[in-house]
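What follows is the residue order along each chain.
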Amino acid sequence: MDRIDHAFYALSQRMDAISMPGRTISSPEPLVSLIDKVNAAKRMYQPGMRR
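Residues numbered from 1 in each chain as written. Predicted model: local features only at pLDDT ≥ 70, side-chain atom pairs only at ≥ 80, totals over all residues. Heavy atoms only, no water.

Before going further, it helps to spend a moment on the overall build of the protein. When you go through the protein residue by residue, the secondary structure sums to two helices and zero strands. Expressed as a percentage of its 51 residues, the buried residues of the protein come to 0%. Of the accessible surface of the protein, which amounts to about 5,500 Å², a share of 61% is contributed by carbon and sulfur atoms. (Helix = DSSP H or I, 4+ residues; strand = E, 2+ residues; numbered from the N terminus. Buried < 20%, exposed > 50% of the residue type's maximum accessible area, 1.4 Å probe, protein only. Areas by Shrake-Rupley, 256 points an atom, 1.4 Å probe, with all protein chains shown as cover.)

What follows is the structure in C-alpha cells.
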C-alpha cells in the first residue's frame, strides 16, 4: 500500500467512525392541542361557515 493509499484509508476509517448528527426530537404536542386543531378544522367545513 502506498503512503497516499494508507492515508486515504485512515481518513476513511475516521470519517466512518464519526456519527452523523441525528434529528433533534422536539417535545410532543399535547393530545388536547391536537384535538382542538382537528375540531377547529372540522368547524371550518361545516355548512354555513365562511372559508
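Another point: the pattern of salt bridges. For the structure on display, the rule yields one salt bridge. With its nearest N and O atoms 2.9 Å apart, the salt bridge here joins K37 to E29. The class for E29 is partly exposed, based on a relative accessible area of 37%. (Salt bridge = Lys/Arg side-chain N within 4 Å of Asp/Glu carboxyl O.)

Turning our attention to a nonpolar patch on the surface. On the surface, a cluster of nonpolar side chains totalling about 280 Å² of accessible area is made up of L31, L34 and I35. Tracing the sequence through the fold places L31 in helix α2 (residues 31-44). (Patch = residues over 30% accessible without salt bridge, like charges linked within 9 Å, V, L, I, M, F, W, Y side chains within 5 Å.)

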